[in-house]
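# Descriptive analysis of the structure
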Amino acid sequence: MAVLVPNRPFASDFITGLMLPDGIFVPMLGKQYINVQVRNAGAGAVNGPKLYVESVSHPGIVYTPGTRFLPDIAPGAARVEQWEADFTNCPSGTHQISFIVEDAAGVKSRSIKKVFVMGLTFDPITHTFHAETPEGVLSANFLDLVRPIRNCKDDDRNPCGCCCCHEHRDDLRHPDRVAPDTDDRRLRDVKRTKTMVTSLTELFEKLGPNYRFCPPGYLPHVVETTWTPTPPYAGQYSDLPFQDPWWKVVLCVIAVLLLIGASIAEAVDGTGSVTVGGGSGDTGSPVDDCCGVRAGGGGTSPIAAALVAAAAAVATAAGLSDARDAMRRGQDATLPSAGELTHKELMRIEFGYPEPIALGKPFAVRAQWHYKRVTDQAVYEASADDLNHNIHVASSYDIQAPEIARSFVKDGEWTIKARFADQGGKSFKGTDLFVQCFLIGPEGQSIKLLLQDDGSYSDDKPNDGTYTGRRYFSQSQAGLWRYFVIAQDVNHATPDMKPEQAAQIIGGMVLTHQLIITFDEDDCPFIPDGHVMVV
């Protein structure tokens, strides 16, 4: 049997529903989904296979067992399945998960795949995050976040408590004039609330359906990092984190967790105010207010959290270049003498945003960085001023779905189909993407659908670039629903690649266009991809 797991399993979190940067698992989040893609690489169809997790390499990965009974898998077809798991007590490192595919005749195929688990802690005294990897610890202090200069409170214009204060537009765009106000109290609250519960996920669930997402900022401005290799190393180059991604991927994960964690602390503390700008493709219309983040009656809070965090991740990734990470370029320029051991590597990065940050678009980000290598004998330094562009791009995407769905009737299946093209106009297909549809109901209900390109059920043809999902609605779900179709790229690095080759392939970046941080608009609607009326 030729059904295999082609790519590394990846994490998606319970709070936003999205894949974490490069699919890295984080114990601080607690509950996460283990997502795995399976593909039929054989010449014939595999009829009625079963898929299940056979075992994990560490007891700290506590997954919910369950067999997935898959539809027939045509040659070349691929689909994604997921399991709920708790990583709270899993140590940092590279771990393995064994998957079994069993066909109707009882023939089994085993795939053992590695996953990356990154331990993350926050020091409330120094306001520093510490990310643990097998090769060392990356410490990061976000000194400034891009945010409105003026805090706005609840009023008739901004009933959610967030605001669109853009009368200081230049202050948001140019890095020398960004509001230097990342409220450290919020970050301390992340640590405080973390001690009350086992994970951010648990705290998020305790907040209930009326949780309002208002983070303390949305894009990094000034960041200081320290890489402490374990152990100190000789020569010019250290090992990459997990022997795979760049250091910037670790920084992307921290940026995502910073926004989610700090906004949750804001909800506990109740003083949040920040703006979320928005926009999408060609369909839909503005909803809610400038934040578009209320759950009660609006139901977009987890989606807002997802997209704001995704914007921070993709801006960080773009600024520090996919071709060669800024840390590696600092190592390129600082050759230590023979016999020296590098003990620490420090960077200070100032991000600038000369144009709007538009998810899925090739926007530019400026990164002025200064690198310092500290050895047991000397200090070496290097600097650069880079202008890089986001390469995680969908040049277009098309979504088709009925505007009316009938509840509890034989032909009442609601089907949604989506197609996406890369920067060159070539269609994404199969395992290229992780695609989800988030349905938001009239009472704040939330439903998540995985979209598949496997030729089963409502999907017409396997591996043709059309990702399809379906849903039956109940009579109790009658009313107007909004939906957001969010596509993320997938890390397809192969085991035979050298670490520096694999590091240039990064997954988990959002390619769809539901959020634009423009810096120069007085209103910032949060726009869905479409609506469906359930009758």
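Our structure is the block above this text.
In this report, the structure presented in the accompanying data block is examined.

## Quick look at the sheet that holds strand β19 (residues 396–400)
Taken in spatial order, the three strands make up an open sheet running β19-β21-β24, and their pairing is antiparallel. Strand pairing shows two members of the sheet lacking a second neighbour, β19 and β24 (466–471), which therefore form its edges. In this sheet, adjacent strand axes meet at a mean angle of 15° when their direction is disregarded. Bridge count for strand β21 (residues 414–421) against β24 is six bridges, and the pairing is antiparallel. Looking at β24, one finds that A418 is bridged to Y467.

## Some words on the sheet that holds strand β8 (residues 93–102)
Strand order in the open sheet formed by four strands is β6-β4-β8-β9, with antiparallel pairing between adjacent strands. With partners counted over all chains shown, the strands left at the sheet margins are β6 (68–69) and β9 (108–117), one partner each. In this structure, strand β4 (residues 50–56) lies alongside β6, joined through two bridges in antiparallel fashion. Counted as the bridge partner of L51 is R68 from β6.

## A word on the packing of aromatic side chains
The tally for this structure, following the rule as stated, stands at 12 aromatic pairs. Seen in terms of ring centroids, F25 and F87 are 4.4 Å apart; in terms of plane orientation they differ by 20°. Their pairing is stacked. You can see F25 sitting in the loop between β2 (10–13) and β3 (31–40) and its partner F87 sitting in the loop between β7 (78–86) and β8, a full 62 residues away along the chain. An aromatic cluster is defined as three or more aromatic residues linked by ring pairs; in this entry it consists of W414, F473, W481 and Y483. In this structure, R470 is placed above the aromatic ring of Y457, and the distance from its NZ or CZ to the ring centre is 4.3 Å.

## Regarding the side chain of H513
Considering the arrangement of structural elements, one finds H513 in the loop between α7 (499–503) and β26 (516–517). Judged by relative accessible area, H513 falls into the buried class, the value being 7%. From its side chain, H513 meets the backbone oxygen of L511 in a polar contact 3.3 Å long.

## So, the environment of P362
Here P362 is to be found in the loop between β16 (357–358) and β17 (364–375). Remark: the alpha-carbon pair of P362 and A394, spanning 32 residues in sequence, is separated by 9.0 Å. With residues near it in sequence (within four places) discarded, P362 still touches E355, H389, N390, V393 and Q423.

## Topic: the pairing of strand β15 (residues 341–352)
Every other side chain in a regular strand lies on the same face of the sheet, so the side chains alternate between the two faces. Inspection of the sheet shows strand β13 (residues 219–229) paired to β15 by six bridges, in the antiparallel sense. By the bridge assignment, W227 is partnered in β15 with E345. When β15 meets β17, the two strands line up antiparallel, connected through 10 bridges. Across the sheet, L346 pairs through a bridge with K372, a residue of β17.

## Things to note about a nonpolar patch on the surface
Together, I404, L480, M533 and V535 make up a nonpolar patch on the protein surface, roughly 340 Å² of accessible area in all. Locating V535 in the fold gives a position in the segment after β27 (530–534).

## Here we look at unusual backbone geometry
Look at the link from T230 to P231: it is a cis peptide, with omega at -5°. Examined against the element boundaries, P231 turns out to sit in the loop between β13 and β14 (233–234). For H127, which is not glycine, the phi torsion reads 60° and is therefore positive. Following the sequence through the fold, H127 ends up in the loop between β10 (119–123) and β11 (128–133). For Q243, which is not a glycine, the phi torsion comes out positive at approximately 55°. Relative to the assigned elements, Q243 resides in the loop between β14 and α4 (247–269). Since its relative accessible area comes to 34%, Q243 is described here as partly exposed.

## Thoughts on the pairing of β17
Direction of pairing for β17 relative to strand β18 (residues 379–389): antiparallel, over a ladder of 11 bridges. If you follow A364 over to β18, its bridge partner there is H389. The hairpin formed by β17 and β18 contains three residues between the paired strands.

Conventions and cut-offs
- Residues numbered from 1 in each chain as written.
- Predicted model: local features only at pLDDT ≥ 70, side-chain atom pairs only at ≥ 80, totals over all residues.
- Heavy atoms only, no water.
- Pairing = 2+ DSSP bridges.
- Helix = DSSP H or I, 4+ residues; strand = E, 2+ residues; numbered from the N terminus.
- Axes fitted to C-alpha atoms, helices over the stretch in contact; angles between N-to-C directions.
- Phe/Tyr/Trp six-rings, centres within 6.5 Å; stacked < 30°, edge-to-face > 60°.
- Lys NZ or Arg CZ within 6 Å of the ring centre and 35° of its normal.
- Buried < 20%, exposed > 50% of the residue type's maximum accessible area, 1.4 Å probe, protein only.
- Polar contact = N/O pair within 3.5 Å; in protein donor to acceptor, adjacent residues only side chain to side chain.
- Contact = heavy atoms within 4.5 Å.
- Patch = residues over 30% accessible without salt bridge, like charges linked within 9 Å, V, L, I, M, F, W, Y side chains within 5 Å.
- Areas by Shrake-Rupley, 256 points an atom, 1.4 Å probe, with all protein chains shown as cover.
- Salt bridge = Lys/Arg side-chain N within 4 Å of Asp/Glu carboxyl O.

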